[in-house]
Amino acid sequence: MDNLFSLLLLPLISAIVLVFVRSDRAKWVALLLSLINLGLTVPFLLRFDPQAGVQFEQMWVWIERLNVNFHIGLDGISLPLVLLTNGLIPLIIATTDHTRFKGNFYALVLFMQLGLLLVFTALDAFSFYVGWEIALIPIYFICALWGTGDRVATNLKFFIYTFAGSILMLIGILYLYQQTPAGSFEWTAFAGLNLPETTQHWVFWAFFLAFAIKIPILPFHTWQPNTYVQAPAAGTMLLSGIMLKMGVFGLIRWLLPIAPLGVAEYGTLVMTLCVIGIVYASLIAFRQDDAKRLIAYSSIAHVGLISGGVFSLTVDGLQGAMIQMVNHGISVVGLFFVIDLIERRTGSRSLSELGGLASRTPKLAIAFLILVMGAVGLPLTNGFIGEFLLLKGLFGTAGYGLWYAVFGGLTLILGAVYMLRLYQKTMLGELPEQWFSVSDIKSTDVVILGILVVLVVVIGVLPNYLLELSEPAINNLLQQISFRTA
Amino acid sequence: MGAIITLSLLAILLLYLGLFKAKSALLPVTLAGLALAIGFEWYGWNQMAAPQYSGMVLFDHYAIAFSILCIFIAGLVLSLSKAYFKAISENVAEYYALILFSLVGALLVCAYHNFAILFIGIEVMSVALYILVGIRKKDRASNEAALKYFLMGAFSTGFLLFGITLMYGATGSFDLNELQQYVRSTPDHQISPLFFAGILLMLVGLCFKVGAAPFHFWTPDVYDGSPILITAYMSTVVKVASFAGFLRLFSMVMVPLDGFWEPLLLTIAIITLFVGNISALVQSSFKRMLAYSSIAHAGYMLFAILSIGSLSPSAILTYGLAYSLASVVAFAALILVKRQIGTDQFESFNGLAKQNRFLAFVVTVAMLSLAGIPLTAGFIGKFMMFGRVMESYHTLLLVLAAINAVIGVCYYLRVVVHLYFKSVGDQVETSAIKVPLNFQIIFAISILLTLAVGVYPEWLINLL
């Protein structure tokens, strides 16, 4: 049962099957297939040995004359993200409205899952790039076909922006390929390169821009708010819950080992950008009236902190980034789902129009409260562990660590301010007359939110299990980097 | 050689069939003949390749692979022609015969080993096309296109011929092997200035043929004015064959002198990329967009000649196949929507996804392939081209190429936007577009092959 390839193959087959399912049942077929894939993930988790480095490797020659291999494997850095992907996709599918979406929608979701899984498991730069690009096509169609507002122009910008980033990365990959002694696209070969410092500087930018656009790090975030807001709820969840982790993962898996000197050179700059992004996005989030846009901006703040943790180059920072990627995925999917549920009931996302819904939808209100607590980072919720580690990492950064931590720490305060405002303006206060008849959520929605809420609390109380998965890999990575920069 | 003879005889046979009004037999006979020609080429694959007929032609793997590609693409184009030619002309047989004559020329260009054959091949290929371009004789655009194409073609062959002459003056031979000997055995400073002038003129002539800027001015008007299928044929088969001939000359003879021609070709490639892409970006006609994008693709294909290496032939073969398949699909789709709506503007694709999901999907894949998105053949082609450039460390060119790839995505995605996100106007009746069976088959073959090469390109790359 440790055939990693089957994990990638199933979404592809599912996607092809779903193209031909045109009835209302498409959602249930998709849910079933994605649950099977989640089930297939469990054996990997059980048999995974954190100390053993890369495991479950599979390699086939893809293009012999170019030395391209199809090479996949799992290590402590990729496993949490594979789990996140395979865990969130069924939930995201479950949140969708089965009367609105047909088989082709779910086919796109599952095709995207293939791209995401390939990104997270690839150990060959060519495979990685292929996954990176093919994850973009389905999400583009999901957002543009089922979105609202000025979706065409927004998503064109999104597509072109991210494509521009990735083509730069392709140049970087081809350059590194030339540098490897035997002409190889293997991750180990790339990571083993000892490039001259000046070379590492521009290689850093070639990769960093691709990842920074995807994450997005300020000032490359301009595509993000509109794309998130105009996408259908499931699309927003895919984008924020999973896709932006591609960027952070890329930083950890590819950028840090390939260009450690570049990271050392520009680390301060990037950290500063991240910290500015945190404060900036938090302040904007506070001013939003549209609940979805508010969470979109809060997402920029959160990933700013996560990226900051990566560039802190400390164990705490990177570990915090790892666990916070999972946490952010869980809470942001939950939050967008809550907003979607409110919108389905009231037809509005505007904070100035909403209010007092807790009296009509008590179950939703409780779930929402716990999710908000998780996003704010209250102790005993998952967000606390992540943010604590990240801030500790930021503090430990060589150089201006104290300042990063001080300004990064504002995320806790500002986050509490805008998230509680969100909760207050929607759930508390006086219920406007037009929504007296709003009904509480259905039992299926209770189950989905229940799972998310349980995850928020369980990871918050017992974070060690997740942290132990990635710790050896992170330590190993940092050792390599400090060895190569010394 | 069997293939060339087969095709020549086939073309004459078709003329006779036309004479006896056996119109329904034309297409089956043509396709059978093309299959036979491919069979002959295939048969030659395992034989020892040596220059034949006093060193006139060389059927090595290189020539055979490109010949098969040309015949195959021509077959795809001709299969689309069933109803198409009938609608625009009485005398259908001429179309088939002329395209086949042109194809014979293309095969000669792929297999030449002597400048005489290169010249004859290019002429045979082009003369048939001059007629085909102007075959709608009452149509002004078609006439204009034919005249432009003829004048420009005459110029370019003039340049080519002049170049060949100068090289002959310097070396005393038309034979590629002897030219190769000359270049290799003569120290650089002793190579006659005539030879360098010859290189220059041949470069200009060949750039005309492949439609590289700044020698591209004929391309948009000619592509726009010709019947769509002829455009499809010109922008695929003729381009691929011209590149095959181009690369053969430069890889066999010119490599040692790359210090002379490389900067020139580099400039040409950069200009070609920008001119093609930026012009394509602002077109309102789908057909003209494809014409300009074909210029841009010529720019990418020049990369393989810029940095000649053992992978150059398969890079051009892969790119040529990917580009041709996607172009055939795009032009075929254009025929269908134009039949329905009557214009070749982007707007005629509006809302196609709602009327015919299959057609919309097919066009989308073709556009993604042209844009170079992974899992399509276009990505493999682009990846190989970029890899070629990286190998010779033209990093600046690569950065410019990346910028161009992004521009390319803009206008290919525009087609997708029209397919899926624009609503059909009121002026069009909402009846679904019907895709005839032969179109369905061609779409299926092209798309499956595009995806097959995109997912598993090993077999294609290992050919050469």
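Source: prediction; values computed, not measured.

S.K.: How would you explain the overall build of chain A if you had to name every residue and give the values?
M.R.: From N to C terminus, chain A includes 19 helices and 2 strands. In summary, chain A has a C-alpha radius of gyration of 21 Å against a globular reference of 23 Å for 486 residues, a match within 12%. Taken along its principal axes, the extent of the C-alpha atoms in chain A is 70 × 55 × 45 Å. Per-residue burial for chain A yields a buried fraction of 66% across its 486 residues.

S.K.: Could you give an account of the overall build of chain B, with specific residues and numbers?
M.R.: Each helix and strand in chain B was counted, giving 20 helices and 0 strands. The C-alpha atoms of chain B give a radius of gyration of 21 Å, which matches the 23 Å a tight globule of 464 residues would have. For chain B, the spread of C-alpha atoms along the three principal axes comes to 70 × 55 × 40 Å. Burial statistics for chain B: of 464 residues in total, 63% are counted as buried. Partitioning the contacts of chain B with sequence separation of at least 6, the portion at a separation of at least 24 is 80%. When the accessible surface of chain B is summed, it comes to about 16000 Å², and 67% of that surface belongs to carbon and sulfur atoms. Side-chain charges in chain B split into 24 positive and 20 negative, and the spacing between the mean points of these groups amounts to 12 Å.

S.K.: Can you break down the domain arrangement of chain A residue by residue, with the values?
M.R.: Residue and element names in this part refer to chain A. By domain assignment, chain A separates into domain 1 (1-258) and domain 2 (266-486). Contact with domain 1, which involves 54 residues of that partner, is made by 49 residues of domain 2. For the pairing of domain 1 and domain 2, the buried interface totals around 4300 Å² over both sides, and the portion due to carbon and sulfur atoms is 77%. Among the residues of domain 1 in contact with domain 2, Leu218, Val229 and Leu256 are the three that bury the most area, contributing 15% of the side total. There are 0 salt bridges connecting domain 1 and domain 2. Secondary-structure elements contributing two or more residues to the side of domain 1 that touches domain 2 are helix H3 (78-95), helix H9 (197-214), helix H10 (224-230) and helix H11 (233-258). Sorting elements by how many residues they give to the side of domain 1 that touches domain 2 places H11 first, with 15 residues. Considering only residue class, the side of domain 1 that touches domain 2 consists of 39 nonpolar, 13 polar and 2 charged.

S.K.: Talk me through the environment of glycine 356 of chain A; I want residue IDs and the actual numbers.
M.R.: Residues and elements named next belong to chain A. Note that glycine 356 resides in the loop between helix H14 (315-346) and helix H15 (362-376). Residues glycine 356 and leucine 431, 75 residues apart in the sequence, show an inter-C-alpha distance of 4.1 Å. With sequence-adjacent residues up to four places away left out, glycine 356 is seen in contact with Thr426, Met427, Leu428, Gly429, Glu430 and Leu431.

S.K.: How would you sum up a positive patch on the surface? Please name residues and give values.
M.R.: Residues Lys21, Lys23, Lys82 and Lys86 of chain B make up a contiguous surface patch of positive charge. When you line up the elements, lysine 23 of chain B lands in helix H2 (residues 23-44).

Reading the values: the criteria
Residues numbered from 1 in each chain as written. Chains lettered and ligands numbered in written order. Predicted model: local features only at pLDDT ≥ 70, side-chain atom pairs only at ≥ 80, totals over all residues. Heavy atoms only, no water. Helix = DSSP H or I, 4+ residues; strand = E, 2+ residues; numbered from the N terminus. Rg over C-alpha atoms; globule rule 2.2 N^0.38 Å. Buried < 20%, exposed > 50% of the residue type's maximum accessible area, 1.4 Å probe, protein only. Contact = heavy atoms within 4.5 Å. Areas by Shrake-Rupley, 256 points an atom, 1.4 Å probe, with all protein chains shown as cover. Lys, Arg positive; Asp, Glu negative; His and termini not counted. Charge placed at Lys NZ, Arg CZ, Asp CG, Glu CD. Domains from an automatic or database assignment. Buried area = accessible area lost by both parts, 1.4 Å probe. Salt bridge = Lys/Arg side-chain N within 4 Å of Asp/Glu carboxyl O. Nonpolar A, V, L, I, M, F, W, Y, C, P; charged D, E, K, R; others polar. Patch = residues over 30% accessible without salt bridge, like charges linked within 9 Å, V, L, I, M, F, W, Y side chains within 5 Å.

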